[in-house]
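Examining the three-dimensional arrangement
Chain by chain, the residues run as shown.
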Amino acid sequence: ITIDGIPPGISITKEDFHDDIERRKPGARGTTPRKETDEPQIISGVFNGFSSGAPMTILFANQNTRSEDYEKHHPFPRPGHADFVASTKYKGFEDFRGGGHFSGRLTVCLVAAGVIAKKVIKHLSGENNIVVESEILEVGGEKNIKDGLDKAVKEKDSVGGIIECRVKGLPIGIGEPFFDSAESVISHVVFAVPAIKGIEFGSGFAAARMFGSAHNDAIIDEKGTTATNHAGGINGGITNGNDLVFRVAVKPTSSTPKEQQTLNKETGKVESFSVKGRHDLCIALRAPVVIEAAAAIAIADLMMESKMRE
């Protein structure tokens, strides 16, 4: 990953990436058995322990690879995956090993960018303590994570999940009306995360079933504090000083051991197949830190734009 626009003078070490990278790693029930060290190699942009103002390039080596798994499955484009459209768009020249640049593997780079973005946010916020945090709310339609995973194991299938992200401590005024609204910028980055199929802010879709008087957030003091937070901390595309809250829907992993029907490109017929290999039963389990990173990237960009306008 190469990150441009980082202000100079921010302390950055390899150790800064450890906690968030560890949160993304597999190991828990329902995640892939694949292991990677994911040690960041900072190639440029840091000098004597501080950001230099130049673009920062960070590399993560793939060490535990089994490309042959994808060779065997290549004739069968996985339903729900980008296999078929990628092959069509790139005229058969796509690098399909590991899913290529449609793989969830790329999220390690997003997490790295999120680490830097959080440092930029702290650098710009001064004494304000802005915190970005995410948690998984449900798996496979179950609020009890174990129950959701039990469903996946029983069916020998994959399941999705819902993740909530909350940004605390944001000042009023972050975000620009219309194209660069806080919702627009956050959503733009969030939808770059593989497997994200939906996003809602505040009450989200539930707002469509509410009366306006119930959905409206009463302002209770001169700081703009509201009695409720159905707006999710944003009015008119601009942060209002309350917690910024959004949720995302993560689809089930396309690579599932359950037998399915799909086109065999070599025979031209629809045939049965199942995916063998090291895949997550529920990728949502590893995604909270990725969504957190996406939010931090968007917030850092919006804050830098806001500072430029001052």
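The notes below deal with the structure included here. (Residues numbered from 1 in each chain as written. Predicted model: local features only at pLDDT ≥ 70, side-chain atom pairs only at ≥ 80, totals over all residues. Heavy atoms only, no water.)

**Some thoughts on the nonpolar core**
- Counting residues in hydrophobic clusters, the biggest one holds 61 residues, and the most contacted among them are I186, L244, F246 and V248.
- Among the elements that take part in this core, helix α8 (residues 288-309) stands out by supplying 12 residues, more than any other.
- Setting aside anything within four residues of it in sequence, one finds F246 in contact with I163, E164, C165, I186, V190, I199, E200, F201, I291 and A295. (Core = buried A, V, L, I, M, F, W, Y, C linked by side-chain atoms within 4.5 Å. Buried < 20%, exposed > 50% of the residue type's maximum accessible area, 1.4 Å probe, protein only. Helix = DSSP H or I, 4+ residues; strand = E, 2+ residues; numbered from the N terminus. Contact = heavy atoms within 4.5 Å.)

**As for the sheet that holds strand β1 (residues 2-3)**
- With antiparallel pairing, the 3 strands of this open sheet are ordered in space as β1-β5-β2. Strands with a single pairing partner mark the edges of an open sheet, and in this sheet they are β1 and β2 (41-44).
- Note that β1 and strand β5 (residues 56-59) share 2 bridges and pair antiparallel. Looking at the pairing, T2 lines up with T57 of β5. (Pairing = 2+ DSSP bridges.)

**Some remarks on the environment of N264**
- Tracing the chain through its elements places N264 in strand β12 (residues 260-264).
- Classification of N264 by relative accessible area gives buried; the value is 6%.
- Distance from N264 to F76, taken between C-alpha atoms, is 4.9 Å for residues 188 residues apart in sequence.

**Observations concerning unusual backbone geometry**
- Phi is positive for N48, which is not a glycine, with a value near 55°.
- On the secondary structure map, N48 appears in the loop between β3 (46-47) and β4 (50-51).
- Under the relative-accessibility criterion, N48 is labelled exposed at 64%.
- Positive phi, normally seen in glycine, also occurs at K156, with a value near 50°.
- A relative accessible area of 59% means that K156 is categorised as exposed.

**Topic: the pattern of salt bridges**
- Using the criterion set out here, one finds 18 salt bridges in the structure.
- Between K118 and D20 there is a salt bridge whose closest N-O contact spans 2.7 Å. Linking K118 in helix α4 (residues 107-125) with D20 in helix α1 (residues 18-24), this pair joins segments that are 98 residues apart in sequence.
- By relative accessible area, which is 24% here, K118 ends up partly exposed.
- The shortest N-O distance in the salt bridge between E292 and R23 comes to 2.9 Å. Taken together, the residues span a long stretch of sequence, with E292 in helix α8 and R23 in helix α1 at a distance of 269 residues. (Salt bridge = Lys/Arg side-chain N within 4 Å of Asp/Glu carboxyl O.)

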